[in-house]
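Residues per chain, in single letters:
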Amino acid sequence: MAMEDYKPCAAMVVTQCIYAAMALWSKAVFSGGMSPLVFVVYRQAVATVVLVPVVVVANRKKMKEMVGLGVVGFSLVFVASLVGATVNQCLYYQGVNLGSSSMATAMTNLIPAITFVMAASVGLEKVEVRRPRSLAKIFGTAVCVSGAMSMAFFKGPKLLGGLHALLLRSPEGGISRWVVGALFLIGSSSCWSLWLILQVPICKSYVDPLSLSAWMCLLSTLQSALLVSFLQPDPAAWRIHSLFEISCCLFSGVFGSGVTFYLQSWSISVRGPLYSAMFNPLNTVLTTVIAAVVLREELHVGSLFGAFAVIAGLYVVLWGKAGDGGGKKGRKLEEEHADDLEKTVTRSDSMLEAGDGIAEPLLRAESDPVEMEE
């Protein structure tokens, strides 16, 4: 019985280790010359090849329901794929390429705070300034944003005597690349937060998560391939130069979009969505340490303090969000959220047939900003 209690923890630790490996591996691949945009196409294609047969085998008796999305359902899935997979991953990996793997993993901790802001702005989240939990979410969001801005615009002096940079560049160019990379990563986290909001109407129109993931990977493959054909028309950009690059694409598709999906889904079903989000900082710590030792990425005082602020803000937001989920008050708040959602969906021109509520909090899948990504 004791071992059973540790299984969700072990699953989440393995998940965060996979995410850390993906961030580090992709950074090394991009430094070798591979295009981040092309990498997204290959990763999504591998994930599609892996997920589609699993969906066919697991849902043989319900294939008509799996294929027949309907106009509204397909439109929602298409938009979710574009925002949560295609644009999200393109921004994320561009940020990894221009910035650092450690900064990329730290920025993913912004997702709960950004989701809270988006949900509150459309009425999906109750904000009562007299309640400590609501104040905690507001304060945690401010801390997260402040930490992200510190990481982006205040690098500060180097730590550990100034480790050698992975890419040699001038200070001016380095600062410019770093800031642009940070902005890309903030944009990626915002896309993922918007994707979480879109799950509210999607889950009412299309409830099977596994086949939904397969649809999203397939659509994202087509969308990202079309995007690359416009942004990088040179056929040479599609060339894979080494076994190292092939292995990275396979690992990201199989483990990043397959294994982690299963582990996260199982852990959330056992311990709840907040339990999954609590493990996000482990990814940041692992990536930062390994990147400094193995990839010899530079560590800066401002970036380090910014990462700590983002992580601290994350836990403050999660503490505030935890008050929405349990007990009589939690159930009452969920009912209020459902009523608010019904009004919001009714007002929306594009989501008139979406539904009238949600069964779980909005922080359901925050730990994977590239899971449909990383």
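Residue numbers restart at each chain and count upward from 1, following the sequence in its written direction. Per-residue local features are limited, in this predicted model, to residues with pLDDT of at least 70; the limit for side-chain atom pairs, both in listing and counting, is 80 or more; totals at the level of whole chains, interfaces and linings are taken over all residues. By convention in this description, side-chain values take in all heavy atoms of the structure and omit both hydrogens and water.

Participant: Before we go on, may I ask you to explain the overall build of the protein chain in this structure?
Facilitator: Secondary structure assignment for the protein chain yields 14 helices and 0 strands. In this text, helices come from DSSP runs of H or I with a minimum length of four residues, and strands from runs of E with a minimum of two, each type numbered from the N-terminal end. For the protein chain, the succession of helices and strands along the chain, N to C, is α-α-α-α-α-α-α-α-α-α-α-α-α-α. Across the 374 residues that make up the protein chain, the buried fraction comes to 52%. Contacts in the protein chain between residues far apart in sequence, at least 24 positions, make up 88% of those at least 6 positions apart. Here the accessible surface of atoms and residues is derived via Shrake-Rupley with a 1.4 Å probe, and residues count as covered only by protein chains that are part of the display. Accessible area for the protein chain stands at about 16,800 Å²; split by element, carbon and sulfur atoms hold 70% of it. Here's how the labels work: a residue is buried when its accessible area is under 20% of the maximum for its type, exposed when over 50%, partly exposed in between, all with a 1.4 Å probe on protein chains only. The contact definition used throughout considers only heavy atoms, calling two residues in contact when any of these lie within 4.5 Å.

Participant: Even after reading the chapter, I still don't get helix H4 (residues 70-98), so can you show me in this structure?
Facilitator: Note that an α-helix has 3.6 residues per turn; residues three or four places apart therefore point the same way. The end-to-end C-alpha separation of H4 is 40 Å, in line with the 42 Å expected for 29 residues at 1.5 Å each. Within H4, the axis deviates most sharply at Asn 88, by approximately 35°. Helix span, expected: 1.5 Å multiplied by one less than the number of residues in the helix. Given a residue, its bend is the angle between the two axes fitted to the seven residues that end at it and to the seven that start from it.

Participant: For this particular structure, what's the right way to read helix H6 (residues 111-121)?
Facilitator: Within H6, burial applies to Ile 111, Pro 112, Ala 113, Ile 114, Thr 115, Phe 116 and Ala 119. Gly 123 sits one or two residues past H6 and shows a positive phi near 85°.

Participant: Explanation requested: the nonpolar core in the structure shown.
Facilitator: Most often, soluble globular proteins have nonpolar side chains that are buried together. Counting residues in hydrophobic clusters, the biggest one holds 37 residues, and the most contacted among them are Phe 39, Tyr 92, Tyr 93, Met 103, Met 107, Leu 110 and Met 151. Ranked by residues supplied to this core, first place goes to helix H1 (residues 2-31) with 6 residues. The residues contacting Met 103, other than those within four sequence positions of it, are Met 151, Trp 178, Gly 181, Ala 182 and Leu 185. The nonpolar core is taken to be a set of buried Ala, Val, Leu, Ile, Met, Phe, Trp, Tyr and Cys residues, with the residues joined through side-chain atoms within 4.5 Å. Formed by 12 residues, the second largest nonpolar core is a distinct cluster that contains Leu 76, Leu 196, Ile 202 and Met 216.

Participant: I keep staring at the confidence of the model for the protein chain and nothing clicks. Help me out?
Facilitator: Low pLDDT means the predicted coordinates in that region are not meant to be read closely. Averaged over the protein chain, the pLDDT score is 75; the fraction of residues at 70 or greater is 75%. Element-level pLDDT for the protein chain is lowest in helix H14 (residues 327-347), with a mean of 44, against a maximum mean of 89 in helix H2 (residues 36-58). Confidence drops under pLDDT 50 across residues 161-174; counting only partners more than four residues distant or on other chains, this segment forms 18 contacts. Predictor confidence is given residue by residue as pLDDT, running from a minimum of 0 to a maximum of 100. The model gives residues 326-374 a pLDDT under 50, and that stretch makes 127 contacts with residues more than four places away or in other chains.

Participant: Hey, could you run me through the packing of helix H12 (residues 280-295) against helix H13 (residues 301-322) in this one?
Facilitator: Helix packing geometry: the angle between the two helix axes and the distance between the axes. Whenever a helix is involved, its axis is fitted only over the stretch in contact; in every case the axis is a line through C-alpha atoms, and angles between N-to-C directions fall within 0 to 180 degrees. At their nearest, the axes of H12 and H13 sit 10 Å apart, and the two run at 165° to each other. Between H12 and H13, the angle is such that the two are roughly antiparallel. For the element pair H12 and H13, the recorded crossing hand is left-handed. Seen from H12, the contacting residues are Asn 280, Pro 281 and Thr 284; seen from H13, they are Ile 311, Leu 314 and Tyr 315. Each residue gets one label: Ala, Val, Leu, Ile, Met, Phe, Trp, Tyr, Cys and Pro are nonpolar, Asp, Glu, Lys and Arg are charged, and the others, such as Gly, are polar. Grouping the amino acids of the contact of H12 with H13 by side-chain chemistry returns 4 nonpolar, 2 polar and no charged. Angle categories: roughly parallel below 35 degrees, roughly antiparallel above 145, roughly perpendicular from 65 to 115, and oblique for all the rest. It is the rotation of the near helix from the far one that decides the hand of a crossing: anticlockwise by less than a right angle makes it left-handed, clockwise makes it right-handed.

Participant: Help me understand the environment of Gly 33 in this model?
Facilitator: Inspection of the secondary structure puts Gly 33 in the loop between H1 and H2. Distance from Gly 33 to Ala 237, taken between C-alpha atoms, is 9.2 Å for residues 204 residues apart in sequence.

Participant: Looking at this model, I keep getting lost on the side chain of Thr 284. Mind explaining?
Facilitator: Checked against the element boundaries, Thr 284 lands in helix H12. Not counting residues within four places of it along the chain, the set of residues in contact with Thr 284 comprises Ser 102, Thr 105, Ala 106, Asn 109 and Ile 311.

Participant: Can you walk me through the packing of aromatic side chains in this structure?
Facilitator: Aromatic contacts are taken between Phe, Tyr and Trp rings whose centres are within 6.5 Å, Trp giving its six-membered ring; a plane angle under 30 degrees counts as stacked, one over 60 as edge-to-face, and the others as tilted. A complete count under the given rule lists 11 aromatic pairs for this structure. When the centroid spacing of 5.4 Å and the interplanar angle of 40° are considered together, the rings of Trp 25 and Phe 251 count as tilted. Taken together, the residues Trp 25 in helix H1 and Phe 251 in helix H10 (residues 243-271) connect sequence positions 226 residues apart. Overall, the relative accessible area of 22% leaves Trp 25 in the partly exposed class. Given the relative accessible area of 19%, Phe 251 is considered buried. Consider the rings of Phe 74 and Trp 215, whose centres lie 6.3 Å apart with planes at 85°: the pair is edge-to-face.

Participant: Could you clarify how one ought to interpret a nonpolar patch on the surface in this entry?
Facilitator: Residues enter patches when their relative accessible area tops 30% and they take part in no salt bridge; the joining distance is 9 Å for like charges and 5 Å for the nonpolar side chains Val, Leu, Ile, Met, Phe, Trp and Tyr. Salt bridge, as applied in this entry: a Lys or Arg side-chain nitrogen positioned within 4 Å of an Asp or Glu carboxyl oxygen. On the surface, Phe 74, Phe 78, Val 79, Leu 82 and Val 87 cluster together to form a nonpolar patch covering roughly 360 Å² of accessible area. On the secondary structure map, Phe 78 appears in helix H4.

Participant: Teacher, can you tell me more about the packing of H2 against helix H9 (residues 209-231) here?
Facilitator: Closest axis-to-axis distance for the H2/H9 pair is 8 Å, and the angle between their directions is 155°. In terms of orientation, H2 lies roughly antiparallel with respect to H9. Crossing of H2 over H9 shows left-handed handedness. Of the residues assigned to the contact of H2 with H9, the class counts are 19 nonpolar, 7 polar and no charged.

Participant: What am I meant to see in the state of the cysteines here?
Facilitator: A disulfide bridge is the covalent bond that connects two cysteines by way of their sulfur atoms. When the sulfur atoms of two cysteines come within 2.5 Å, that pair is taken as a disulfide. For the structure shown, the criterion picks out 0 disulfides. For the unlinked cysteine Cys 191, the closest cysteine sulfur is that of Cys 90, found at 9.8 Å. Judged by relative accessible area, which is 14%, Cys 191 ranks as buried. With no disulfide of its own, Cys 248 has Cys 249 as its nearest cysteine by sulfur position, at a separation of 5.8 Å. On the basis of relative accessibility, which here comes to 0%, the residue Cys 248 falls in the buried class.

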